[in-house]
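Observations on the three-dimensional arrangement
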Amino acid sequence: MSDNKTTNKSEWPLWEVFIRSKAGLDHKHAGSLHAADFEMAIENARDVYTRRMEGVSIWVVESNNIHASDPGQSESMYDPASDKIYRHPTFYNLPDEVKYM
Amino acid sequence: MTQFSFQQHFDDKIDRDETIEPKDWMPDDYRKTLIRQISQHAHSEIVGMLPEGNWISRAPTLRRKAVLLAKVQDEAGHGLYLYSAAETLGISRDEMYDQLHSGKAKYSSIFNYPTLTWADMGAVGWLVDGAAIMNQVPLCRTSYGPYARAMVRVCKEESFHQRQGFEIMLNLSKGSEIQRKMAQDAFNRWWWPSLMMFGPPDAESPNTENSVRWRIKRLTNDELRQKFVDVTVEQAKILGLTIPDKDLKWNEERGHFDFGAIDWAEFKNVVKGNGPCNKQRLETRKKAWEEGQWVRDAATAHASKRKSRKENEAKAA
Ligand SMILES: [Fe+2]
Ligand SMILES: [Fe+2]
Ligand SMILES: [Fe+2]
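From a predicted model like this one, the values you see are computed outputs, not experimental measurements.

Residues and elements named next belong to chain A. Burial analysis of strand 2 (residues 27–34) places six of its eight residues in the buried class, the great majority of the element. Examined bridge by bridge, strand 1 (residues 14–20) and strand 2 share seven bridges and lie antiparallel to one another. The residue bridging Trp15 from the neighbouring strand is Leu33, located in strand 2. Where strand 1 hands over to strand 2, the hairpin turn is made up of six residues, of which Gly24 adopts a positive phi near 95°.

Structure follows, in structure tokens:
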């Protein structure tokens, strides 16, 4: 290109890739990549993120469709749970004779 | 929060060894330093495919060809993981490509040396990937989350790269006289440039307080270089190869090998663009990008055609 610019007027959209590493497990975020459409995104994800059998299933989501919580709000967001230890089984003191509970 | 408390919050996280994530507030300096470092690293992975790519069609056996192909494919993957990590900091992929293709961005100068014989595939895997691993392992715990996660993946994959290289050297060193000479010759040519991969001596490139604090750099250039020399000398013994350095000797007192002076003038010259292959590498890279333009355009056109067809179908229904 004459102006020495390599800019692609329409950069392919960014996709987030989620991979299930084996049957029965959750899909987990693996990373991101660029692709023209979802099919190409899945094919590229296979080549980029599962070269060593890291997955049995792939999800791709266009990055601009992901909405995230605000890290600046984490305190007000998660604080309400921190004083509710009675939601955990260890909160309850039972005699040792109680079995299978 | 005020600017001050944002900074305080960031500093506290760093002090607690927590990771910084893309949406977290971060100082401009941190962002800029990371964009530079991660994109340079990505460029190195991409340009790093070229010296080895040269040999894929000339690998001596089908097994060697499959292995080399897999290694080069990994390097492409490493470049992609790292470009994605850099993108989370707000620079676009195209901007980074621009910086590479226009010569504005640097990549590791080791890739500006030629790969003359098959033994170079051995020496590159053993020494160049070996040095890269030594540089990269500490980065798996760097403070920026996406970078650290990319590095974990990269480091996992790198170890086969070094082992396949060493295996090539091992076979050659046990082979005919000509093969042994070929291995030694490759070793002679790659040894010094590999030592340069750790960057200028500490006296000229002191770790800034910030890069240590931000866990972008954990050991100094000289510390890493020494570590590399110590382990590689022992590995060379197994191959029966001679280190091309007459000043190399064990220093009992230091508990390390002493080694000769590195030709930093050569290093600077290669960084400046005057290495044996700088021009060729950049041209090959640009050619690949330009000749791939029609593929990118076609895929974009195909995707938008399909999208509008789908929309029309939905309207009709
Ligand atoms: Fe790599
Ligand atoms: Fe690397
Ligand atoms: Fe590698």
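So, on to the interface of chain A and chain B. At the junction of the two partners, chain A supplies 26 residues and chain B supplies 31 residues. In total, about 2,500 Å² of surface goes out of reach between chain A and chain B, with carbon and sulfur atoms giving 44% of it. Among the salt bridges present, the one from Arg52 of chain A reaches Glu157 of chain B, with a minimum N-O distance of 3.4 Å. For the pair chain A and chain B, the number of links is 14 residue pairs in polar contact (both at pLDDT 80 or more). When residues of the side of chain A that touches chain B are traced back to their parent elements, those giving at least two are strand 2 and helix 1 (38–49) of chain A. Ranked by residue count, the leading element in the side of chain A that touches chain B is helix 1 of chain A, at six residues. Its residues placed into classes, the side of chain A that touches chain B shows eleven nonpolar, seven polar and eight charged.

Residue and element names in this part refer to chain B. Protein coordination at the iron ion (ligand 3) comes from Glu75 (OE), Asp129 (OD), Glu158 (OE), Glu158 (OE) and His161 (ND1), with a distance range of 2.0 to 2.7 Å. Along the chain, the residues that donate to the iron ion (ligand 3) are spaced as E-x53-D-x28-E-x2-H. In this structure, the iron ion (ligand 3) lies 3.4 Å from the iron ion (ligand 1), and both are coordinated by Glu75. Remark: Asp129 occurs in helix 6 (residues 119–136) and Glu75 occurs in helix 4 (residues 62–87); sequence separation between them is 54 residues. Since its relative accessible area comes to 5%, Glu75 is described here as buried.

Pairing is possible between side chains of opposite charge, provided their charged atoms come close. Residue and element names in this part refer to chain B. All chains considered together, the criterion is met by 31 salt bridges over all chains. In this structure, Arg63 engages Glu167 in a salt bridge whose closest nitrogen and oxygen atoms are separated by 3.0 Å. Here Arg63 is found in helix 4, whereas its partner Glu167 is found in helix 7 (residues 145–173), with 104 residues between them in sequence. Taking the relative accessible area as the measure of exposure, Arg63 reaches 48% and is therefore partly exposed. Owing to a relative accessible area of 28%, Glu167 belongs among the partly exposed residues under this scheme. The salt bridge partner of Lys287 is Glu291, with a shortest N-O separation of 3.9 Å.

Residue and element names in this part refer to chain A. On average, chain A scores 88 in pLDDT, and the residues at 70 or more come to 90%. Least confident of the elements in chain A is helix 2 (residues 74–82), whose mean pLDDT is 80; most confident is strand 3 (residues 57–62), at 98. Note on residues 1–5: pLDDT is under 50 here. Beyond four places in sequence and across chains, it has eight contacts.

Residue and element names in this part refer to chain B. Taken as a whole and assessed by the stated rule, the structure comprises 19 aromatic pairs over all chains. Seen in terms of ring centroids, Phe187 and Trp191 are 5.8 Å apart; in terms of plane orientation they differ by 70°. Their pairing is edge-to-face. A residue pair is termed a helical-turn pair when its members lie 3 or 4 positions apart in one helix, as Phe187 and Trp191 do in helix 8 (residues 177–196) at four residues. Judged by relative accessible area, which is 0%, Phe187 ranks as buried. Site record: aromatic cluster; members linked through ring pairs are Phe6, Phe10, Trp25, Tyr30, Tyr144 and Trp214. Between the NZ or CZ atom of Arg58 and the centre of the ring of Trp55, over which it lies, the distance is 4.0 Å.

Rules used in this analysis
Residues numbered from 1 in each chain as written. Chains lettered and ligands numbered in written order. Predicted model: local features only at pLDDT ≥ 70, side-chain atom pairs only at ≥ 80, totals over all residues. Heavy atoms only, no water. Buried < 20%, exposed > 50% of the residue type's maximum accessible area, 1.4 Å probe, protein only. Helix = DSSP H or I, 4+ residues; strand = E, 2+ residues; numbered from the N terminus. Pairing = 2+ DSSP bridges. Contact = heavy atoms within 4.5 Å. Buried area = accessible area lost by both parts, 1.4 Å probe. Salt bridge = Lys/Arg side-chain N within 4 Å of Asp/Glu carboxyl O. Polar contact = N/O pair within 3.5 Å; in protein donor to acceptor, adjacent residues only side chain to side chain. Nonpolar A, V, L, I, M, F, W, Y, C, P; charged D, E, K, R; others polar. Donors = N, O, S within 2.8 Å, 3.2 Å for Na, K, Ca; no water. pLDDT = per-residue confidence, 0-100. Phe/Tyr/Trp six-rings, centres within 6.5 Å; stacked < 30°, edge-to-face > 60°. Lys NZ or Arg CZ within 6 Å of the ring centre and 35° of its normal.

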